[in-house]
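Residues per chain are reported as follows:
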Amino acid sequence: MDQPREGDKTKSEIQDIGSYFDVSPEGTIINPASQEKIPENWKAPVEKTVEIYKSHYGDKLVSVYIRGSVTRGKAIDGVSDIDSIAIVDLDSNELEDISWSNPLQKEILAAYPFVQRVEIDPVSLTDFKERNDIPIVLATQSVCIYGKDIAEDLPPLHPGKEIFLHLPAMEQIVAKWTKRIEESSDSEATKRIVSSVMKRLVRSGSELTAERSQKYTRDLYPSWKVFAEYYSEKAAEMRQALEFSINPTDNKEVAIMALRNLGKWLYGEYKKQHSK
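Cut-offs used in this document
Residues numbered from 1 in each chain as written. Predicted model: local features only at pLDDT ≥ 70, side-chain atom pairs only at ≥ 80, totals over all residues. Heavy atoms only, no water. Helix = DSSP H or I, 4+ residues; strand = E, 2+ residues; numbered from the N terminus. Rg over C-alpha atoms; globule rule 2.2 N^0.38 Å. Buried < 20%, exposed > 50% of the residue type's maximum accessible area, 1.4 Å probe, protein only. Contact = heavy atoms within 4.5 Å. Areas by Shrake-Rupley, 256 points an atom, 1.4 Å probe, with all protein chains shown as cover. Salt bridge = Lys/Arg side-chain N within 4 Å of Asp/Glu carboxyl O. Core = buried A, V, L, I, M, F, W, Y, C linked by side-chain atoms within 4.5 Å. Expected span 1.5 Å × (residues − 1). Polar contact = N/O pair within 3.5 Å; in protein donor to acceptor, adjacent residues only side chain to side chain. Phe/Tyr/Trp six-rings, centres within 6.5 Å; stacked < 30°, edge-to-face > 60°. Lys NZ or Arg CZ within 6 Å of the ring centre and 35° of its normal. pLDDT = per-residue confidence, 0-100.

## So, the overall build of the protein
Scanning the protein from terminus to terminus reveals 9 helices and 5 strands. Along the protein, from the amino end to the carboxyl end, the secondary structure elements read α-β-β-α-β-β-α-α-β-α-α-α-α-α. By the compact-globule yardstick of 19 Å for 276 residues, the protein fits well, its C-alpha radius of gyration being 18 Å. Taking the principal axes of the C-alpha coordinates as reference, the protein spans close to 50 × 45 × 35 Å. Relative to its full complement of 276 residues, the protein shows a buried share of 52%. A sequence separation of at least 24 residues applies to 76% of the contacts in the protein between residues at least 6 apart. When the accessible area of the protein is evaluated, it comes to approximately 13500 Å², of which 47% is carbon and sulfur surface.

What follows is the structure in structure tokens.
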């Protein structure tokens, strides 16, 4: 579940909130997302998000998915985001620039101030077929609210290596987000970047334990908790990443050191477990 608002001036306490996904008797992850669970007051901004894609991509729009707490009936007004993914029948280079959506996102936030953020993420249909991260997200935590549900044909997934989103790319994540922190223009921009990448580290810790724990979650506190059960010697360091996820620092040197140190260890541990 989302933790309190990242941009708050007062420091937010880390809370023991969130949960693990249910697993079927066959050991596969049960997707908890459904349209029926979207809270009534969130339905209108979700529809407006779909309209953003429809107005720009027209008949090239294949489908739109919503993921996260909104689709699990756990949205918190003033805290939760609308996290969307659109599958579009265009080349990826035609989807890189999404600056056109900024005014439309602002309209949603102005009309529905309880929405913290609207994430616009167009993905090429070709890329969808070739990548493994987007299919994982659609199969385990998303619901199709417009167009063809291409996730219906995806195989069921088990907690473990097949649901890794971050660990295999940890070296690239560290390099990419270090550069973003270094190039950030102001304090608030730095905090947003730090919060985003620290969430990836915390969730990577959960990925590292998934095969042994047979637990899967995208929520931050449960991710830290299950990691700490298996890596008590690293629990404090991961707790700092959790802290920076909720109360991000604008100290670039501190943030980059934390990112590099924990990211390097996570990737090394991943390689040690899965090098065979």
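Once the structure has been displayed, the description carries forward.
## Considerations on the environment of H166
Locating H166 in the fold gives a position in the loop between strand 5 (142-147) and helix 5 (170-183). Considered as a pair, H166 and A110 are 56 residues apart in the sequence and their alpha carbons are 33 Å apart. Residues within four places of H166 in sequence aside, it is in contact with I173, R200, R203, S204, E207 and R218.

## Examining unusual backbone geometry
In the Ramachandran plot, Q214 falls in the positive-phi region, its phi being about 55° despite a non-glycine side chain. Checked against the element boundaries, Q214 lands in the loop between helix 6 (187-213) and helix 7 (220-230).

## Details of the pattern of salt bridges
If you walk through the whole model with that rule in mind, you get 12 salt bridges. For the salt bridge of E40 with K43, the shortest nitrogen-to-oxygen distance reads 3.2 Å. Linking E40 with K43, this pair stays in helix 1 (residues 40-57), spanning 3 residues, or about one helical turn. With a closest N to O distance of 3.3 Å, R67 and E119 form a salt bridge. On the criterion of sequence distance, the pair formed by R67 in strand 1 (residues 61-67) and E119 in strand 3 (residues 118-119) is long-range, its members being 52 residues apart. Accessibility classification places R67 together with E119 in one group, the buried group. Connected via shared salt-bridge partners are R67, D81, D83, R117 and E119.

## Quick notes on the nonpolar core
In this structure, I87 and L266 are the most contacted members of the largest nonpolar core, which totals 56 residues. Setting aside anything within four residues of it in sequence, one finds L266 in contact with L167, M170, L201, S204, G205, L208, F227 and M238. Judged by nonpolar contacts, the second largest core, of 26 residues, contains A33, Y53, A86 and F114.

## A word on helix 9 (residues 252-274)
Here helix 9 spans 32 Å end to end across 23 residues, near enough to the 33 Å set by a 1.5 Å rise per residue. Residues A255, I256, L259, L262, G263, W265, L266, Y267, E269, Y270 and H274 constitute the buried set of helix 9. Looking at the packing, one finds that the buried side of helix 9 touches helix 5, helix 6, helix 7 and helix 8 (235-246). Capping the start of helix 9, N251 holds a side-chain oxygen 3.1 Å from the backbone nitrogen of E253, two or three residues further along.

## Description of the packing of aromatic side chains
Under the counting rule described, the total for this entry stands at 10 aromatic pairs. Judged by centre distance (5.1 Å) and plane angle (70°), the ring pair of W42 and F114 falls under edge-to-face. Of the two residues, W42 sits in helix 1 while F114 sits in the loop between helix 2 (102-111) and strand 3, which places them 72 residues apart along the sequence. What makes W42 buried here is its relative accessible area of 0%. A relative accessible area of 18% places F114 in the buried class. On the basis of an interplanar angle of 65° and a centroid distance of 6.0 Å, the ring pair of F164 and Y270 is categorised as edge-to-face. Pair noted here: F164 is in the loop between strand 5 and helix 5 and Y270 is in helix 9, with a separation of 106 residues, a long-range link. This pair shows no difference in class: F164 is buried, exactly as Y270 is. Members of the aromatic cluster, connected to one another through ring pairs, are W42, Y112 and F114. The aromatic ring of W177 is capped on one face by R180, whose charged end is 4.5 Å from the ring centroid.

## Looking at the confidence of the model for the protein
Residues with a pLDDT of 70 or more make up 96% of the protein, whose mean pLDDT is 91. Here residues 1-9 scores under 50 on pLDDT; set against residues more than four positions off or in separate chains, the count is 36 contacts.

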